[in-house]
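Tertiary structure, described
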Amino acid sequence: MSRLATARYRLSPLAPGDRRDLFAHLSDPATVEHMDIAPMADLEAADAMIAWAAALPDNGGAWWAIRDGAGDFVGTAGLIVTERRRGSRGEVSYNVVRPRWRQGVMGEVLPALLAHGHAALGLRRLDALVTPGNLASAALLSRFGFQLEGTMRDHGFWKGRFWDQHLYARLADDPAS
Ligand SMILES: CC(C)(COP(=O)(O)OP(=O)(O)OC[C@H]1O[C@@H](n2cnc3c(N)ncnc32)[C@H](O)[C@@H]1OP(=O)(O)O)[C@@H](O)C(=O)NCCC(=O)NCCS
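Residues numbered from 1 in each chain as written. Predicted model: local features only at pLDDT ≥ 70, side-chain atom pairs only at ≥ 80, totals over all residues. Heavy atoms only, no water.

Inspection of every chain in the model, using the stated rule, returns nine salt bridges. Put simply, R8 and E108 hold a salt bridge, and the shortest N to O gap is 2.7 Å. You can see R8 sitting in the loop between β1 (4–5) and β2 (9–13) and its partner E108 sitting in helix α4 (residues 105–120), a full 100 residues away along the chain. The salt bridge partner of R67 is D21, with a shortest N-O separation of 2.8 Å. (Salt bridge = Lys/Arg side-chain N within 4 Å of Asp/Glu carboxyl O. Helix = DSSP H or I, 4+ residues; strand = E, 2+ residues; numbered from the N terminus.)

What follows is the structure, encoded as structure tokens:
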């Protein structure tokens, strides 16, 4: 699976060695507030996510751990190829450890994900699903040329209830911002 790099960050497919960092990150209720998971309760939940990521089809998509130049874990990012035969689509997702919010991590990593999806993999369309109220994610996507296409009502079910999802998308020839 692909490795990606930006000026300050390296992205490597999530691996068993990431379990403690992943657990510390996604057991934080504030971090997962707008995500489609409950706060992780134990290390086994991190192991399950790592196993899920490792089982993704080997088609250019991946779920990466993001580390800085010192090797510190700063979050994760995913690009899942969702359709190749009757379309050309992928879905991006991302999360940054709370102490690093608003320090430009995803502003640097998201363009690398977009380049990987549009240029390296040749995907025409990249989707992102955002829980209403996730202002940070909505602003991030808008900054990088995603358009809000609508609201999918009761699209997901997690944390014991249905959730609407805003559908954002960016086409390969949309303006970058
Ligand atoms: C959404 C998230 C990934 C943003 O990552 P980040 O590294 O903090 O973002 P950056 O510092 O690179 O900011 C890049 C741009 O995103 C937008 N943005 C980021 N955080 C924002 C906030 N709290 N409020 C408004 N805009 C915000 C801004 O446009 C910002 O550019 P600017 O700083 O020049 O104004 C981060 O807040 C996060 O991990 N949240 C919890 C997990 C999550 O909700 N993931 C997304 C699921 S859809």
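Turning to the packing of helix α1 (residues 19–26) against helix α3 (residues 43–54), a few remarks are in order. Closest axis-to-axis distance for the α1/α3 pair is 9 Å, and the angle between their directions is 110°. As far as their axial angle goes, α3 and α1 are roughly perpendicular. For the pair α1 and α3, the sense of crossing is right-handed. Between α1, through R19, R20, L22, F23 and L26, and α3, the contact on the second element is made entirely by L43, E44, A46, D47, M49 and I50. (Axes fitted to C-alpha atoms, helices over the stretch in contact; angles between N-to-C directions. Parallel < 35°, antiparallel > 145°, perpendicular 65-115°, else oblique. Left-handed = near helix turned anticlockwise from the far one by under 90°. Contact = heavy atoms within 4.5 Å.)

Before going further, it helps to spend a moment on the nonpolar core. Within the largest apolar cluster, 30 residues are counted, with the highest numbers of intra-cluster contacts made by L11 and L110. Looking at this core, the elements with two or more residues in it are β2, β3 (62–68), β4 (73–83), β5 (89–96), α4, β6 (125–130) and α5 (135–143). Leave out the neighbours within four places in its chain, and L110 touches Y94, L140, L141 and F144. Counting residues in hydrophobic clusters, the runner-up holds 16 residues, among them M40, A46, M49 and V97. (Core = buried A, V, L, I, M, F, W, Y, C linked by side-chain atoms within 4.5 Å. Buried < 20%, exposed > 50% of the residue type's maximum accessible area, 1.4 Å probe, protein only.)

With that settled, consider the environment of M49. Locating M49 in the fold gives a position in helix α3. On the accessibility criterion, M49 (19% relative accessible area) is buried. Expressed as a C-alpha distance, the spacing of M49 and R19, which sit 30 residues apart in the sequence, is 9.0 Å. Contacts of M49, omitting those with residues within four sequence positions, involve L22, L26, I37 and M40.

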